[in-house]
Amino acid sequence: MLNDKTGAHLKMHLIVFIWGFTAVLGDLISIQEYRLVWFRMGLATVFLYLWQRSRKVNLAISRALLLKTAGVGLLIALHWIFFFKAIKISNVSITLAVFSTGSFFAALLEPFFFKRKMLWYEVFFGLIIVAGLSFIIQVEVQYLEGAICALFSLIMGVLFTLCNGKLTRNNPASILTVYEFFAGFLAVSVYLLATGEIRAELLQLSGSDWFYMLILASICTAYAFTASVDIMKKLSPYTVMLTTNLEPVYGIILAYFILGDSEQMSLGFYIGAAVILATVLLNGYIKSRSRVSS
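Residues numbered from 1 in each chain as written. Predicted model: local features only at pLDDT ≥ 70, side-chain atom pairs only at ≥ 80, totals over all residues. Heavy atoms only, no water.

What follows is about the packing of helix α4 (residues 92-99) against helix α7 (residues 144-167). For the pair α4 and α7, interaxial distance at closest approach is 9 Å and the crossing angle is 40 degrees. Taken together, the axis directions place α4 and α7 in an arrangement best described as oblique. In this structure, α4 meets α7 at a crossing whose hand is right-handed. Contacts between α4 and α7 pair I94, T95, V98 and F99 from the former with A147, A150, L151, S153 and L154 from the latter. For the contact of α4 with α7, the per-class residue count stands at seven nonpolar, two polar and no charged. (Axes fitted to C-alpha atoms, helices over the stretch in contact; angles between N-to-C directions. Helix = DSSP H or I, 4+ residues; strand = E, 2+ residues; numbered from the N terminus. Parallel < 35°, antiparallel > 145°, perpendicular 65-115°, else oblique. Left-handed = near helix turned anticlockwise from the far one by under 90°. Contact = heavy atoms within 4.5 Å. Nonpolar A, V, L, I, M, F, W, Y, C, P; charged D, E, K, R; others polar.)

The next subject is the environment of G146. Summarising the element assignment, G146 is placed in helix α7. For the pair formed by G146 and V98, sequence separation is 48 residues and the distance between their alpha carbons is 9.7 Å. Those residues within four positions of G146 in sequence are excluded, and the remaining contacts are A86, I89 and S90.

Counted according to the given criterion, the structure contains one salt bridge. With a closest N to O distance of 3.8 Å, K85 and E33 form a salt bridge. Taken as a pair, K85 in helix α3 (residues 63-89) and E33 in helix α2 (residues 33-54) lie far apart in primary sequence, 52 residues in all. Residue classification places E33 among the buried residues on the basis of a relative accessible area of 9%. (Salt bridge = Lys/Arg side-chain N within 4 Å of Asp/Glu carboxyl O. Buried < 20%, exposed > 50% of the residue type's maximum accessible area, 1.4 Å probe, protein only.)

M41, F84 and L216 are the most contacted members of the largest nonpolar core, which has 77 residues in total. No other element matches α3, which puts 10 residues into this core. Discounting chain neighbours no more than four positions away, the residues touching F84 are T22, G26, E33, L36, V37, R40 and L216. (Core = buried A, V, L, I, M, F, W, Y, C linked by side-chain atoms within 4.5 Å.)

Turning next to the environment of G7. Checked against the element boundaries, G7 lands in helix α1 (residues 4-28). Between the C-alpha atoms of G7 and I231, which are 224 residues apart in sequence, the distance is 9.8 Å.

Among the secondary structure elements, S153 is positioned in helix α7. On the accessibility criterion, S153 (0% relative accessible area) is buried. Excluding anything up to four places from it in sequence, S153 contacts H79, F82, F83 and F99.

Quick look at the packing of aromatic side chains now. Throughout the structure, instances matching the rule amount to 13 aromatic pairs. With a centroid separation of 5.8 Å and 65 degrees between ring planes, the pair formed by F17 and Y250 is classed as edge-to-face. With F17 in helix α1 and Y250 in helix α11 (residues 247-259), this residue pair connects regions lying 233 residues apart in the sequence. Ring geometry for W80 against F181: centres 5.5 Å apart, planes inclined by 50 degrees, an arrangement best described as tilted. Of the two residues, W80 sits in helix α3 while F181 sits in helix α8 (residues 173-194), which places them 101 residues apart along the sequence. (Phe/Tyr/Trp six-rings, centres within 6.5 Å; stacked < 30°, edge-to-face > 60°.)

At a closest axis distance of 8 Å, the pairing of α2 and α8 adopts a crossing angle of 150 degrees. As the angle between them shows, α2 and α8 are arranged roughly antiparallel. For the element pair α2 and α8, the recorded crossing hand is left-handed.

Here is the structure:
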């Protein structure tokens, strides 16, 4: 029998593995990114709502908090739209290589949100990561547009994480997410309505698209979120952060074996990705050491 700590570590890796698989599903699902996010947020809202109701959770929140969650929901929608767009116009490997820089964008923006001093080594490591990312783009210049979309998606994701971090200090994340997903679903619905996409054909998906979509909305979104909220209560923030940084690794490996030739990159790409990952892990190590010594 596994002890609680070991079980929590394995579950965290499973969650990160699922997050990595999300990018592969984005490539396998053939529909446009706006429709994809519309389905994902709508179905995930239903799954999370039913899960909360089964636990008899009171979902009532104040009007002021509702407006804030709506803003966060819009950030999530933009984050996912440009994430899947990046995958469709480039590939999974490029998108996840850009996403591996997320912790450093968070480090640069976090001082403004939580009013703390910026650490010198975060800026230094950030410059190394930018150099690694620039090297990747230079050797894979044909994917430049996809990298730009991935970068915009990443920035939206970092803003969402920081805003959500402030909201969840005094409010349950599992309740707020129901409203955030629903708000994002409504925002994408307005866009589809304005562009004339709201029609009967919107719901017409192939059998394989429905299959992958249900996996994306249920396992990769609703389950992964609720499981991660629970697991973060059992593991240290450092452990969670370090494990989450493996998402691009899992995703790129999965894409290589599942999607085949479209994910085979040049040697320069893997050198740049290795530099970025090594820097991210070194940053995590220094943070853990400074936390222990303080």
